[in-house]
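# Remarks on the overall topology
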Amino acid sequence: MPRRDLSGSSGRRSCLTCRFLLVSRPMKLRASVLILAASVLAFAQGSTNSGTRFVLEKNVPVPMRDGVVLRADVIRPAEGGKFPVLLYRTPYGKEDEQREYTTFKHAAERGYAVVIQDVRGRFQSDGDFRPYENEGRDGYDTIEWSAGQPWSTGAVGTFGLSYPGAVQWLAAVQTPPHLKAMVPAMTFSTPQNFFYAGGTWDMSWIDWIWNDIAGDTRAKKKLPGPRSDAEALASWKEVGETMLNTLPLIDLKPLQQVAPYYFDWLRHPPEDPWWDWSQLRGKYSRTSAAVLNLSAWYDDNYGPEGATTNYAGLLKARAGEKDAHTHLLLGPWVHGVDNTEKTRSGEREFGPTAAIDYDEVVLRWMDHYLKGVDNGVDREKPVRYFVMGRNQWRDADQWPPAAKEMPLFLAPQTDRARSGHLQTTPFDNKDSFSEFVSDPANPVVNPYDSSGAHDYRKLADRADVLTFDSSALEEDTEITGPIKARIFVSCDCRDFDLWARLLDVSPDGTAINLMSPGLDVLRASYRDLSRGRQLLSPGQTYELKLQSLITSNVFLQGHRIRLQISASFTPNFSRNLQSGKSEVNSAEMKKADIRVFHDASHPSQVLLPNIPIAR
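Just so you know, these numbers come straight off a predicted model, no measurement behind them.

### Here we look at helix α3 (residues 135-147)
Taking 1.5 Å per residue, 13 residues should reach 18 Å; α3 reaches 18 Å between its end C-alpha atoms and fits that length. Among the 13 residues of α3, 11 are classified as buried, and the element is accordingly described as predominantly covered. Within α3, the full set of buried residues consists of E135, G136, D138, G139, D141, T142, I143, E144, W145, S146 and A147.

### Some remarks on the side chain of E144
Mapped onto the elements, E144 comes out in helix α3. No salt bridge is formed by the buried E144; the nearest opposite charge belongs to K180, separated by 8.1 Å. If we ignore the near neighbours within four places in the chain, the residues touching E144 are P176, P177 and H178.

### Topic: the pairing of strand β27 (residues 605-611)
Among the seven residues of β27, seven are classified as buried, and the element is accordingly described as predominantly covered. Covered by surrounding structure in β27 are Q605, L607, P609 and I611 together with V606, L608 and N610, the residues of both alternating faces. As paired elements, strand β16 (residues 404-411) and β27 share six bridges and run antiparallel to each other. Considered in β27, the bridge of E405 is made with P609. Inspection of the sheet shows strand β20 (residues 477-491) paired to β27 by five bridges, in the antiparallel sense. Pairing of A485 across the sheet is with V606, part of β27.

### Focus on the environment of P612
Its location among the elements puts P612 in the segment after β27. C-alpha of P612 to C-alpha of A403: the two residues are 209 residues apart in sequence and 7.6 Å apart in space.

### A closer look at the layout of surface pockets
A volume near 660 Å³ is recorded for the largest pocket. Surrounding the largest pocket, 29 residues form its lining, N193, R281, E305, Q547 and S548 being those nearest its centre. Contributions of two or more residues to the lining of the largest pocket are made by α8 (305-317), β23 (521-523) and β24 (542-555). Per-element accounting of the lining of the largest pocket gives the leading share, six residues, to β24. Its residues placed into classes, the lining of the largest pocket shows 14 nonpolar, 11 polar and four charged.

### Some details on the packing of aromatic side chains
Applying the stated criterion across every chain yields a total of 42 aromatic pairs. Pairing F194 with W205 gives two aromatic rings, centres 5.3 Å apart and planes at 85°, and the pair type is edge-to-face. A residue pair is termed long-range when its members are at least 10 positions apart, and F194 in the loop between β7 (179-185) and β8 (196-197) and W205 in helix α5 (residues 204-221) qualify at 11 residues. Between W201 and Y262, the aromatic rings sit 5.9 Å apart at their centres with planes inclined by 65°, giving edge-to-face as the arrangement. With W201 in strand β9 (residues 200-201) and Y262 in helix α7 (residues 260-266), the pair connects residues that are 61 residues apart, well separated along the chain. Y262 carries the same exposure label as W201, and that label is buried. The ring centre of F129 lies 5.2 Å from the NZ or CZ of R122, which sits over that ring.

### Some details on the pattern of salt bridges
Side-chain pairs of opposite charge can arise whenever the charged atoms involved come near each other. Scanning the model with the defined rule gives 39 salt bridges in all. Across the pair K58 and D73 runs a salt bridge whose closest N-O atoms are separated by 2.9 Å. Taken together, the residues span a long stretch of sequence, with K58 in strand β2 (residues 53-63) and D73 in strand β3 (residues 69-77) at a distance of 15 residues. Overall, K58 belongs to the partly exposed group, its relative accessible area being 23%. D73 gets classed as buried once you look at its relative accessible area, which sits at 0%. The network of salt bridges with shared partners includes K58, D73, K94 and E95.

Cut-offs and rules
Residues numbered from 1 in each chain as written. Predicted model: local features only at pLDDT ≥ 70, side-chain atom pairs only at ≥ 80, totals over all residues. Heavy atoms only, no water. Helix = DSSP H or I, 4+ residues; strand = E, 2+ residues; numbered from the N terminus. Expected span 1.5 Å × (residues − 1). Buried < 20%, exposed > 50% of the residue type's maximum accessible area, 1.4 Å probe, protein only. Lys, Arg positive; Asp, Glu negative; His and termini not counted. Salt bridge = Lys/Arg side-chain N within 4 Å of Asp/Glu carboxyl O. Contact = heavy atoms within 4.5 Å. Pairing = 2+ DSSP bridges. 1 Å grid on protein atoms, 1.4 Å probe; cavity = no way out; pocket = protein on both sides within 12 Å on 5 of 7 lines; lining within 4 Å. Points joined across faces, edges and corners; volume = space filled by probe spheres on them. Nonpolar A, V, L, I, M, F, W, Y, C, P; charged D, E, K, R; others polar. Phe/Tyr/Trp six-rings, centres within 6.5 Å; stacked < 30°, edge-to-face > 60°. Lys NZ or Arg CZ within 6 Å of the ring centre and 35° of its normal.

Keep in mind these numbers describe shape, not what the thing actually does.
Set out below in structure tokens:
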């Protein structure tokens, strides 16, 4: 998921499953002695009710069905009685999370008992950590434990972003009876767009493990290597590039002791039924909880696909109900809780209204569905999304909004133009194609190591990148919703990756991406995932369909719509070797001649959802 912006400038996925802050922080090592203590304290400054007192119980044991004990901190109002419970489960250290996020404090002030738990195998909790694999069962058991405590009303809600968002869904589809509400933010819908993207392997798992996970593992297993965040980031500067360029992928020795699960993942291709434990699609009928799906246009690398797919799945599963009790919130941010308070993503400024109060969004949802507060949540339109370019929020009854499909067809460059053209009618010449050579040993490199909106104009100078521009727009043009691309291609190879980036080009030439890498790639051999890997026949023409692109953006008058096509984009995702062999267990590379056809018989095109703009 390349990832992570841990330092604000390095790393590639701005927190794939992460800590929500783009700053480094000391990683809390496991204490040699566990302490269970209860104390009555007052909230620190900054509270809306600074005199509020609460009970804090540390390292409360929570037994799992298999006998493993997980540990949680419990915060609850000091006056006693029963309270609805908010559960937050994390692999990043519950003590650190409490220092960094204000949601726990605000929730206790609002009359909730808050359970903050280290997931299995992390920090104070026992067991073996295998990311995501145990979170369904462990989440179920913790929800039901929380409901049965003497200080609990029995109503449980869950919240959190990224990994703490994913654990909510993995537990919810296990059907815990006391889960009443959840706010999973910036998370996934399917392993095929989480561990993989379009059949390519997400390389950001490597630095996520190195920088976020391995330190605590080394401390517990007494392994050599960095244990604090600072040490991990320093060492990453020395070893990161080598690790990301290691081929075959399975030979990545620095992770073999600290992350055996990583190699188990690599051994399972995207079509393998083994991944069903992390699949959400098709399981939405298993939960009756009220769900607020929250994501962002620049969320790395699975982007808003997870939230929109999960929202649509819930609506379908609840089609016969008067109130589907699910909403969708999509903003212009990059990954992370703190970024929802910002008005800028990368190089793009969205104005003061772009920010939200994350804590208030979460707690308002919980107030209604756990406490029955009549705060209007159920009467609001279920969809709220931010339109970039125009920089305004829009409320809607449905997602995606009704749109007119606007096809733009690829056409070749003219003698005077450096790029090809996007036009409203198919190019009618016969046997028309654009061609480039892709070399896995010299791939297209993402020049930015942070997520968000960036200027990619220089990629158009590369010989292995095809660029197609529309004419300058005569009026503002809104594109909101799922975007599809149909690209007709051939290759003198057995396999290659097709990247199709959509950009907004200003009159001064600035070319801004509209989504993070990951939604805009398809491995040709996985053109039909249901049939597994199908290698290409060299020279044969194939229609490749990219169907996961999504955005909401107004291309202003005078701007151009750009489509860039390449066969690589590193280090975000694994390189296709183009030899027909998998990069998981091979390093054999092959240069490839790739043709993109654009004629009447092969009308390569991008299909844009055009929303009429009131004039």
